[in-house]
Amino acid sequence: MSKRLILLAALSLPLAACATAAPRVEVTRFHVDNPARSGSIAVEEMPGNPDVSLEFRTYATAVSQEFQQVGFTPTQTDATSDYVALVSFSRSFRPSGVDRSSDKPVSVAVGGGLGSGGGRRGGTFGGLGVGVGINLSGKPKDIVTTELHIQLRRRADSTAVWEGRATTEARQGTPAAQPGLAAQKLATALIGGYPGESGRTITVK
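Residues numbered from 1 in each chain as written. Predicted model: local features only at pLDDT ≥ 70, side-chain atom pairs only at ≥ 80, totals over all residues. Heavy atoms only, no water.

Considering the environment of Val25
Within the secondary structure, Val25 is located in strand E1 (residues 25–31). For the pair Val25 and Ile202, spaced 177 residues apart in sequence, the C-alpha separation works out to 8.3 Å. Apart from the residues lying within four places of it in its own chain, the contact partners of Val25 are Ala166, Thr167, Thr168, Lys185, Leu186, Ala189, Ile202, Thr203 and Val204. (Helix = DSSP H or I, 4+ residues; strand = E, 2+ residues; numbered from the N terminus. Contact = heavy atoms within 4.5 Å.)

Now the structure itself:
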């Protein structure tokens, strides 16, 4: 195998790993001994939700679909539903890595050597080497942390029967950091396997 092919193969390995790696979700649930497993359910915004916006609809849809998968019946008539799922979500950002955007972008080093060589016909030979270093790192993308919090309450007396939190992280600009994908991934991880083991934090891939 040529040196060029070896180099290309080596470079492709980390790129492939980044493309296939999926962010994990940390999930914690709490519930009463025998939480509800069926009934009509409406999704509402939790009072004091720190990220009030139209984005709530994305989370509400994902949560409603997942509760339907585990036996509940979604309803748009909030006042008459058996249960209400109160939903809160938040997104935060933190720097990652070292900011090298102010580093010099290009450096060039040139080295050469000339000489003469003898032989039957005589002759000369020369060598010239050029090394170029380019800084393409720039400012590292932030890490986006997205959290989903759900409280399932009985409508009649507002008693909480189940509660859960799910958190995931992804690099800004990647598909996994987009609100729509993050909402679906968090809702699936949190509600999937409902009701789950109370008081235990698990990691969902």
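Alright, that's what it looks like, and here's the rest.
Brief notes about the pairing of strand E8 (residues 160–171)
Sheet topology note: the E1/E8 ladder contains seven bridges and is antiparallel. Counted as the bridge partner of Arg29 is Gly164 from E8. With eleven bridges connecting them, strand E7 (residues 143–154) and E8 associate as antiparallel partners. Paired with Thr146 across the strands is Thr168, a residue of E8. (Pairing = 2+ DSSP bridges.)

Observations concerning the nonpolar core
Val63, Phe67, Leu148, Ile150 and Leu152 are the most contacted members of the largest nonpolar core, which totals 29 residues. With residues up to four places along the chain from it excluded, the contact list for Phe67 reads Ile41, Phe72, Ala85, Ile150, Leu152, Trp162, Ile191 and Tyr194. (Core = buried A, V, L, I, M, F, W, Y, C linked by side-chain atoms within 4.5 Å. Buried < 20%, exposed > 50% of the residue type's maximum accessible area, 1.4 Å probe, protein only.)

A few points about the packing of aromatic side chains
Evaluation of the coordinates by the stated rule reveals seven aromatic pairs. Consider the rings of Phe72 and Tyr83, whose centres lie 6.0 Å apart with planes at 85°: the pair is edge-to-face. You can see Phe72 sitting in strand E3 (residues 72–74) and its partner Tyr83 sitting in strand E4 (residues 83–94), a full eleven residues away along the chain. You'll find Phe72 and Tyr83 in the same group, each marked buried. Ring pairs connect the aromatic residues Phe67, Phe72, Tyr83, Trp162 and Tyr194, which therefore count as one cluster. (Phe/Tyr/Trp six-rings, centres within 6.5 Å; stacked < 30°, edge-to-face > 60°.)

Brief notes about the confidence of the model for the chain
With 66% of its residues at a pLDDT of 70 or more, the chain shows a mean pLDDT of 78. Confidence over residues 3–20 falls short of pLDDT 50; this stretch has one contact with residues more than four positions distant or in other chains. Contacts of residues 106–117 to residues separated by more than four positions or lying in other chains number 31 contacts, the stretch itself having pLDDT below 50. (pLDDT = per-residue confidence, 0-100.)

Thoughts on helix H2 (residues 55–69)
What sets the pattern is the α-helix's 3.6 residues per turn: residues three or four places apart point alike. Under the 1.5 Å per step criterion, the end-to-end length of H2 is 22 Å for 15 residues, consistent within 8% with the ideal 21 Å. For H2, the elements touching its buried residues are strand E2 (39–45), E3, E4, E7, E8 and helix H3 (179–191). Just downstream of H2, Gly71 is the residue with a positive phi angle, here 120°. (Expected span 1.5 Å × (residues − 1).)

Remarks on the pairing of E1
Where E1 and strand E9 (residues 201–204) come together, four bridges link them in antiparallel fashion. Pairing of Val27 across the sheet is with Ile202, part of E9.

Describing the side chain of Glu66
One can find Glu66 in helix H2. Here Glu66 occupies a buried position and makes no salt bridge, while the nearest side chain of opposite charge, Arg29, is found at 9.3 Å. At a separation of 3.2 Å, a polar atom in the side chain of Glu66 contacts the side chain of Thr188. Aside from chain neighbours lying at most four places away, what touches Glu66 is Gln184, Ala187, Thr188 and Ile191. (Lys, Arg positive; Asp, Glu negative; His and termini not counted. Salt bridge = Lys/Arg side-chain N within 4 Å of Asp/Glu carboxyl O. Polar contact = N/O pair within 3.5 Å; in protein donor to acceptor, adjacent residues only side chain to side chain.)

Quick word on the sheet that holds E9
Paired through backbone hydrogen bonds, the strands of a sheet run either parallel or antiparallel to each other. Spatially, E3-E2-E4-E7-E8-E1-E9 is the arrangement adopted by the seven strands of the open sheet, whose pairing is mixed. Sheet topology places E3 and E9 at the edges, where each strand pairs with a single neighbour. Neighbour to neighbour, the strand axes of the sheet diverge by 25° on average, direction disregarded. Along the sheet, H2 contacts E2, E3, E4, E7 and E8; its crossing angle with E4, the most-contacted strand, is approximately 130°. (Axes fitted to C-alpha atoms, helices over the stretch in contact; angles between N-to-C directions.)

As for H3
Counted at 1.5 Å a residue, the expected span for H3 with its 13 residues is 18 Å, and the 18 Å between its end C-alpha atoms agrees. Looking only at H3, the buried set comprises Ala182, Ala183, Leu186, Ala187, Ala189, Leu190 and Ile191. Those residues of H3 that are buried lie in contact with E1, H2, E7, E8 and E9. After H3 finishes, the residue Gly193 shows a positive phi value of roughly 75°.

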